[in-house]
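# Overview (structure and organization)
One-letter residues, chain by chain:
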Amino acid sequence: MSDKFNRIISADSHVIEPAEVYTGGLHNRFGDLTPRIMEEYAGKKGTFFFTGDQVMKLRRVDEEQRDKGVDASVSWDPARRIAFLDEAGVEAEVIYATLVSMVMHAANLPKNRDMVRAAVRIFNDWHAEFCSQDPKRLLGIAAVTTDDPKWAADEVRRTRKKGLRGIVINTVPPDGCPPYRHKDYDVLWETCEETDTPITLHIVTGKVRDFAHVHTKEENESSPGWLFDLFSEVKTPLANDFIFGQILDRFPKLKLVCSEFEVNWVPAFMWYLDMLEGPFGARVELPKLERPASEYMRDRIWHGMVDDPFGDQAIEYVGASQVCWGSDFPHVRSIGTNAQAFVSDLFRNFSPEDQEKLVGGNTASIYGIN
């Protein structure tokens, strides 16, 4: 097939928001807990970002993109971002945060929760302004921390009025909070259903630390295990809460997206769901669902992928209507101005109809893009 698609819409791109968004907006009112830039950490010089919990070493965007011919300012300059989309042959991007995703992790410490809520509001306001420069092509996703479900529901309504198109929540609730299947969260699910706001469970927003942000010998030795924990974290809330916790049964119009976990794990996960309702089911008492558990993965949940080499098998299993390609731009794995040729090769084994779904049609359906 030609490497020219009718429309490519990235389901998972990012903006690397300036750290000054937080230092300027919070004005140090949270003291030592305030997210900020540090020039030294653990005895090492560099550029570090303190999230309120962990410290991440920042790389310049131009370092990550130097081999892709991308100007560093494309991440935060809306005009350059649109010019980049034009060059890449991409119609639009669903855009998530970068730094505030790490700040959301800090909500696992109760002392940080007021700060985290303030920080995500500041990001959401900044992000809405960024995306307002071309809201048909820059589709902003709000960050919403879930330790206070009523606050989260109010933030959904507030950010929707500002033009943001969906929300990303903590992959799992912060420490000490009830699981998502608890009725306390129904106010959030009701609000998302009523406002047609898709919910994303995105990598790095849960309890598992990002394996890439390590500073000591001991942390480096543990980081391989963190990688696997990180890419598996979404399985527990899907199984315990959204499927067997019956959130998706109680809220039949709720849209749920799993993003940047890739898709190679999905067939095995679905097989285990079937085992839970089959041979394993005799050992536990499970609720009666409205459909077989694995079917929720085929018709109620969307799955994002960037460059998964095992995507073909997973897509055949879960269905081409439930998988969405995203570029992860401008992060280290990202696809740049070669997007058209890249997705043409990535999905070369699928029919033209399924290819169009995978590279943009499914994302358009989720976010109501005409």
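Everything below is about the structure shown above.
About the cut-offs
- Residues numbered from 1 in each chain as written.
- Predicted model: local features only at pLDDT ≥ 70, side-chain atom pairs only at ≥ 80, totals over all residues.
- Heavy atoms only, no water.
- Disulfide = S-S within 2.5 Å.
- Buried < 20%, exposed > 50% of the residue type's maximum accessible area, 1.4 Å probe, protein only.
- Helix = DSSP H or I, 4+ residues; strand = E, 2+ residues; numbered from the N terminus.
- Expected span 1.5 Å × (residues − 1).
- Contact = heavy atoms within 4.5 Å.
- Arc of directions from axis to C-beta.
- Pairing = 2+ DSSP bridges.
- Axes fitted to C-alpha atoms, helices over the stretch in contact; angles between N-to-C directions.
- Phe/Tyr/Trp six-rings, centres within 6.5 Å; stacked < 30°, edge-to-face > 60°.
- Salt bridge = Lys/Arg side-chain N within 4 Å of Asp/Glu carboxyl O.

## Comments concerning the state of the cysteines
Enumeration over the complete set of coordinates arrives at zero disulfides. Free of any disulfide, C192 has its nearest cysteine sulfur in C258, 15 Å distant. A residue is classified by how much of its surface remains accessible, and C192, at 2% relative accessible area, is buried. Distance from the sulfur of C324, which forms no disulfide, to the nearest cysteine sulfur (C258) is 11 Å. Residue class for C324 comes out buried when judged on its relative accessible area of 3%.

## So, helix 11 (residues 266–277)
With 12 residues, helix 11 extends 17 Å between its outermost C-alpha atoms, agreeing within 8% with the 16 Å of an ideal straight helix rising 1.5 Å per residue. Those residues of helix 11 that fall on the buried side of the exposure criterion are V266, P267, F269, M270, L273 and M275. Against the buried residues of helix 11 lie helix 9 (235–243), helix 12 (296–299), strand 10 (301–305) and helix 13 (311–318).

## Looking at helix 13
Here helix 13 has its buried residues at G311, A314, I315 and V318. Down the axis of helix 13, the buried side of the element spans an arc of 100°, and every buried residue falls inside it. Contacts made by the buried residues of helix 13 are with helix 11, helix 12, strand 10, strand 11 (323–325) and helix 15 (352–367). Backbone geometry just after helix 13 places G319 at a positive phi near 105°.

## Comments concerning the sheet that holds strand 8 (residues 199–202)
Taken together, the eight strands give an open sheet; going across it, the order is 1-5-6-7-8-9-10-11, and neighbouring strands pair in parallel fashion. This sheet does not close on itself; its edge strands, each paired only once, are strand 1 (9–14) and strand 11. Between one strand axis and the next, the sheet turns by 30° as a mean value, whatever way the strands run. The pairing of strand 10 with strand 11 spans three bridges and is parallel.

## Focus: the packing of aromatic side chains
A complete count under the given rule lists 13 aromatic pairs for this structure. Judged by centre distance (4.2 Å) and plane angle (15°), the ring pair of F84 and F329 falls under stacked. Residue F84 is located in helix 3 (residues 78–88), and its partner F329 is located in the loop between strand 11 and helix 14 (339–346); the two are separated by 245 residues in the primary sequence. F329 sits in the buried class, given a relative accessible area of 0%. For the ring pair W126 and F130, a centre distance of 5.6 Å and an interplane angle of 15° mean the geometry is stacked. Within this pair, W126 and its partner F130 are both found in helix 5 (residues 113–131), separated by four residues, close to a single helical turn.

## Observations concerning the pattern of salt bridges
Oppositely charged side chains may form a pair once their charged atoms are brought near each other. In this structure the tally under the stated criterion is 24 salt bridges. With a shortest N-O distance of 3.6 Å, D125 and K162 are connected by a salt bridge. Residue D125 is found in helix 5, and its partner K162 is found in the loop between helix 6 (149–161) and strand 7 (166–169); the two are separated by 37 residues along the sequence. The class of D125 is partly exposed, set by a relative accessible area of 30%. Overlapping salt bridges bring together R121, D125, E155, R158 and K162 as one network.

## A closer look at the pairing of strand 5 (residues 92–96)
Most of strand 5 is tucked away, with five of its five residues classed as buried. Neither face of strand 5 is exposed, since A92, V94 and Y96 on one face and E93 and I95 on the opposite face are all buried. Judged from the four bridges that link them, strand 1 and strand 5 form a sheet pairing that is parallel. Its bridge partner lying in strand 5, H14 is registered against Y96. Judged from the three bridges that link them, strand 5 and strand 6 (residues 138–144) form a sheet pairing that is parallel. Counterpart to I95 in the pairing with strand 6 is G140.

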